[in-house]
Amino acid sequence: MTTTRNTFLAFLVILFGLGQFAAQAQTSTITGTVTDSTTLQALVGAAVAIEGTQRGTTVGANGEFTLTGLVAGTYRVTARYIGYAPITHEVTVRDRSEATLSFALPRQAMVMDEIVVTGYGAQRRVAITGSVASVQAEDANVGVVTNADEMLQGRVAGVTVTQNSGEPGSGTQIRVRGGTSISAGNEPLYVIDGVAISNLSTEAEGVGVGGDASLARNPLSLINPNDIESITVLKDAAAAAIYGARGANGVILIETRQGQRDQTSFEYDGYVSVASRARSLNLVTGDQYRQFVEAQVAAGTVDPARLDGLGSASTDWENEVTRSALVQNHNFAFSGGTQSTQYRASLNYMDQEGVTRGSGFKRYQGRLNGTQYAWDDKLQLRLNLTASHMEHDYVTYQDGGGFEGAVFQNMVQFNPTQPVTVTDTATGQQKFYEIGPGAVSVRNPVAMIDQLTDLAGTTRVLGNVRAQLDFTRTFSAQMVVGADRSESTRRIYYPSESPVGAQWNGRAVQRSLELTSLTFQGVLTWGDRIGLDHDIEVVAGYEANEFDRDQFSAESRDFLTDAFRFDNLAAGNELLPQASFREEKRLIGIFGRVNYGFKDRYFLTGVIRRDGSSVFGADNKWGTFPAISGSWRLSEESFMYNTPFSELRLRAGYGLQGNEAVAPYQSLITLSPGDRYVFGQSPVVGVAPNQNPNPDLKWERTSQFNVALDYGFMDNRLTGSFEYYVKNTDDLLLEVVVPQPAAVERRLENIGKVKNTGFEAIVDWLITNRANLTWTAGLVFAAEKNEVTDLGGLNFITTGFVSGQGQSGQVSQRILPGYALGTFYGPEFIGHNAAGEQLFNQYSVERGRR
């Protein structure tokens with residue numbers, strides 16, 4: 001980080017020195033009003049900006065605005081407001097003078113000149129040449145929305161949002177135009193207020209019961225949806241290539257709400273709701289099960305001893321495990337500001353019970369956004385700070401299959417003729433009914449919920465400081481320093497009285513996880529209109545990121561009493577060796593972008609980024625990611641004047657992106673603790689290689705081409721687009737078997753290819769737009785095909801494991817070239833039986849080889 005700190009100090013010196021020079025200039029002011037052209041009411045919050053610069057402000061409560069700190073010259077000033085057509089006035093000011101403007105905006109369905117946040121800046125929507133979709137919070141944050149990603153569901157074509165489970169705060173799988181990787185990450189890059197955040201799970205790993213542990217919770221839970229102003233999705237390479245090595249899976253930009261000049265407000269938003277299971281599994285009742293067994297015994301098909309296992313109860317285990325869950329959310333916010341200082345602060349409390357008894361999620365969050373202007377508005381300082389504490393109450397689910405299973409598997413298979421609790425004849429106390437004493441594989445699901453404890457608490461702080469200096473009306477510099485820090489503790493206890501914990505006579509686990517991400521950005525922007533026809537913007541920047549991940553784990557077993565739970569590991573007679581790990585990685589990027597527009601009709605964008613990452617081999621740590629895209633507004637051509645189109649635009653783009661979503665040190669040989677050896681009288685823990693090196697390891701690379709047609713009718717009351725894209729990913733990161741002898745059997749290599757093709761369609765209709773009523777309707781459609789086209793000469797690869805009851809001994813799955821990811825039907829399935837013998841259908845192998 002020495003290089004980053006030195007760069008940071010040098011940037012501050014430049015900002016201060018040039019800022020002092022800029023402050024000495026004689027300045028002028030532009031004032032004015034912005035109103036509705038029909039009602040003449042003030043459009044509070046409308047944006048007023050000087051074209052070709054980063055200078056702008058918002059309209060206050062009285063409908064007035066002020067732009068200060070201007071040098072003598074001629075300016076094009078534009079006023080914009082969502083739902084209205086923008087208007088631009090040209091004005092000339094002299095030294096130390098004041099000019100006045102008046103804007104009366106007409107209502108319009110879709111504002112093509114709306115400002116949209118893009119990578120490292122913002123653009124007019126009409127000038128965007130890539131595939132960019134934006135969602136306004138006021139449109140998406142309706143109903144019960146607990147996390148930011150829920151605001152995207154069903155609103156952006158080509159973006160699928162799927163919850164990993166029904167748990168409160170559960171993780172979410174987001175795919176932007178499908179998955180492009182088999183083993184590396186497929187999650188998009190999240191950027192909050194211009195700073196990329198870590199998308200790793202912030203909770204320490206859990207412990208599985210007869211299978212894998214519960215899936216990780218949602219890393220975006222730290223953001224309160226009420227604090228979000230807008231969400232922008234960069235879908236194609238032309239838009240996302242400026243993020244280079246991290247943009248192959250798309251980019252999601254989240255902008256939070258800021259305070260406004262001359263506006264003071266206090267807000268409260270809250271709701272209370274009730275959730276319940278959508279439908280019942282309709283399991284047999286105790287009476288039905290008892291009658292079935294008795295009939296089988298009478299028919300001689302079942303051993304009469306089975307009657308001894310029947311009870312006299314009739315327990316609906318589904319009802320016992322689930323409940324009507326209460327969800328409450330309360331949000332307080334206040335904001336205000338003067339001409340030089342704006343602020344917004346918020347507090348949020350959310351408590352979400354799970355429909356499964358014993359599960360839940362709580363969030364306590366505070367947020368502060370502040371902006372300070374100085375030197376006649378030439379210097380802008382902005383602070384964005386979020387502090388969040390989340391509490392998770394886990395129920396023992398299973399991610400993968402297992403023979404024993406967890407709550408839901410036992411809910412389905414536990415005997416419905418037995419009660420939830422019985423009276424202990426020795427003590428006279430109530431206890432949970434179990435099939436037998438000690439460790440058994442079929443357990444009372446209600447007891448699993450009440451007896452097993454799995455809690456996680458996470459504190460996360462996300463903040464950044466931004467400084468922007470406008471040297472002239474056309475040239476500005478921006479510096480951002482950001483930090484993302486989370487600390488989590490996972491506490492688990494399986495008591496000896498439970499059949500789960502009986503096998504260890506009590507088991508206690510404590511794990512902690514710490515994540516730290518540091519970011520530095522320096523960006524220079526120059527933009528101007530040359531003459532009346534040419535608009536040019538040039539962006540150049542440098543970015544450095546550092547990521548650290550630390551985990552510590554301690555475990556103890558064999559307790560005399562369950563009273564200590566996980567709070568006194570020393571009380572266990574068997575203290576397992578403590579475990580810990582640390583990993584870190586660094587990423588450096590240099591990027592540039594040029595936007596050119598001619599007559600507001602033809603637009604061209606070129607992007608290039610060069611990234612260096614520490615996770616790859618010594619010979620492949622750097623990669624270059626270019627992109628080019630353009631658009632043509634046919635509706636502005638003279639031959640389109642008498643057509644019904646109010647907007648018609650053709651877009652096309654091509655670019656390269658990278659994927660570096662692999663764990664650190666994969667290109668190196670690594671060591672792990674091995675067996676204990678005795679030297680003299682002292683035992684010594686040995687170490688042995690656990691990974692083969694690969695100095696040629698490099699990025700997965702995705703090339704993407706797309707072409708689109710945007711349209712609008714009836715003054716853009718009816719708008720939409722059609723888009724087709726092709727994504728080809730090569731140099732897939734896959735583990736393959738290496739020739740022996742070697743340190744271990746497998747190694748991570750770059751082999752194989754994946755192809756994605758898709759079509760997207762969007763329709764938005766403004767049905768009515770009156771002073772007190774706005775009614776809109778929309779439709780999004782997307783179709784995608786995802787296939788593996790090459791596996792580097794292999795016929796199939798291992799992609800996962802299947803085990804547990806009803807799985808017929810199959811413990812692995814294979815993928816064949818040319819088949820869609822995740823498709824395993826009939827003769828296309830290849831696996832192994834319990835003895836390790838390969839099972840396959842000859843037809844599949846022959847087809848795969850072809």
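None of the values given here were measured: they were computed from a predicted structure.

*Asks:* Kindly report on the overall build of the protein chain, identifying the contributing residues and their values.
*Replies:* Along the backbone of the protein chain there are 9 helices and 44 strands. The 850 residues of the protein chain split such that 50% are buried. In the protein chain, once contacts between residues fewer than 6 apart in sequence are set aside, the share between residues at least 24 apart is 67%.

*Asks:* Got a sec to walk through the sheet that holds strand β16 (residues 251-256)? Specific residues and values, please.
*Replies:* Reading across from one edge, β10-β15-β16-β13-β14 is the order of the 5 strands in this open sheet, with mixed pairing throughout. Each having just a single partner strand, β10 (132-136) and β14 (195-196) make up the two edges of the open sheet. Inspection of the sheet shows strand β15 (residues 228-234) paired to β16 by 6 bridges, in the antiparallel sense. Residue pairing across strands places I231 opposite I254, the latter belonging to β16.

*Asks:* Requested: an account of the packing of aromatic side chains, with residues and values cited.
*Replies:* Within this structure, the stated rule accounts for 20 aromatic pairs. Taken together, a centroid distance of 5.7 Å and an interplanar angle of 85° make the contact between Y493 and F559 edge-to-face. Taken together, the residues Y493 in strand β25 (residues 475-494) and F559 in strand β27 (residues 534-559) connect sequence positions 66 residues apart. For the pair Y493 and F559, a shared accessibility class is recorded, and that class is buried. Their ring planes at 25° and their centres at 5.4 Å tell us that Y711 and F722 sit as a pair that is stacked. Of this pair, Y711 sits in strand β35 (residues 700-713) while F722 is found in strand β36 (residues 718-730), placing the two residues 11 residues apart along the sequence. Given the relative accessible area of 10%, Y711 is considered buried.

*Asks:* Account for empty space enclosed by the protein, with residues named and values stated.
*Replies:* Inspection of the entire model under this criterion finds 6 cavities of 30 Å³ or more. Roughly 130 Å³ of volume is contained in the largest cavity. Around the largest cavity, the lining comprises 15 residues; the ones closest to its centre are T118, Q123, A238, A239 and R593. If you list the elements that add at least two residues to the lining of the largest cavity, you get α3 (237-240) and β30 (602-613). Partitioned by chemical class, the residues of the lining of the largest cavity number 7 nonpolar, 7 polar and 1 charged.

*Asks:* Can you explain the nonpolar core? Please cite residues and give values.
*Replies:* One recurring pattern in soluble globular proteins is that nonpolar side chains are buried together. In this structure, L152, I228 and I252 are the most contacted members of the largest nonpolar core, which totals 28 residues. Going through the elements one at a time, β10, α2 (137-140), β11 (159-163), β12 (172-176), β13 (189-192), β15 and β16 are the ones with two or more residues in this core. Top element by residues in this core is β15. It accounts for 3 residues. The residues touching I252, leaving out its near neighbours within four places in the chain, are L152, I174, P188, L189, Y190, V191, I231, T232 and V233.

*Asks:* Account for the pairing of β35, with residues named and values stated.
*Replies:* Pairing geometry for strand β32 (residues 645-659) and β35, over 14 bridges, is antiparallel. Its bridge partner being in β35, Y654 is matched across the sheet by F705. Sheet topology places β35 next to β36; 13 bridges connect them, and they run antiparallel. Of the residues in β36, the one forming a bridge with N706 is Y725. Linking β35 back to β36 in an antiparallel pair, the connection comprises 4 residues, with M714 at a positive phi of about 50°.

*Asks:* How would you summarise the pattern of salt bridges if you had to cite specific residues and measurements?
*Replies:* Under the definition given, this model contains 41 salt bridges. In this structure, K235 engages E760 in a salt bridge whose closest nitrogen and oxygen atoms are separated by 2.9 Å. Of the two residues, K235 sits in the loop between β15 and α3 while E760 sits in strand β39 (residues 753-769), which places them 525 residues apart along the sequence. This pair shows no difference in class: K235 is buried, exactly as E760 is. A cluster of three or more residues bridged by salt bridges with shared partners is formed by R177, K235, R649, R651, D710, E723 and E760.

*Asks:* Provide a residue-level description of the pairing of β13, including the pertinent values.
*Replies:* Of the two faces of β13, both are covered, the one formed by L189 and V191 as well as the one formed by Y190 and I192. Looking at chain direction, β13 and β16 are connected through 4 bridges and run parallel. When the bridges of β16 are listed, Y190 appears paired with I252. In this sheet, β14 lies alongside β13 in antiparallel orientation, the contact comprising 2 bridges. Bridge pairing in β14 places I192 opposite V195. The antiparallel hairpin formed by β13 and β14 contains 2 residues in its connecting segment, where D193 sits at a positive phi of about 50°.

What counts and what doesn't
Residues numbered from 1 in each chain as written. Predicted model: local features only at pLDDT ≥ 70, side-chain atom pairs only at ≥ 80, totals over all residues. Heavy atoms only, no water. Helix = DSSP H or I, 4+ residues; strand = E, 2+ residues; numbered from the N terminus. Buried < 20%, exposed > 50% of the residue type's maximum accessible area, 1.4 Å probe, protein only. Contact = heavy atoms within 4.5 Å. Pairing = 2+ DSSP bridges. Phe/Tyr/Trp six-rings, centres within 6.5 Å; stacked < 30°, edge-to-face > 60°. 1 Å grid on protein atoms, 1.4 Å probe; cavity = no way out; pocket = protein on both sides within 12 Å on 5 of 7 lines; lining within 4 Å. Points joined across faces, edges and corners; volume = space filled by probe spheres on them. Nonpolar A, V, L, I, M, F, W, Y, C, P; charged D, E, K, R; others polar. Core = buried A, V, L, I, M, F, W, Y, C linked by side-chain atoms within 4.5 Å. Salt bridge = Lys/Arg side-chain N within 4 Å of Asp/Glu carboxyl O.

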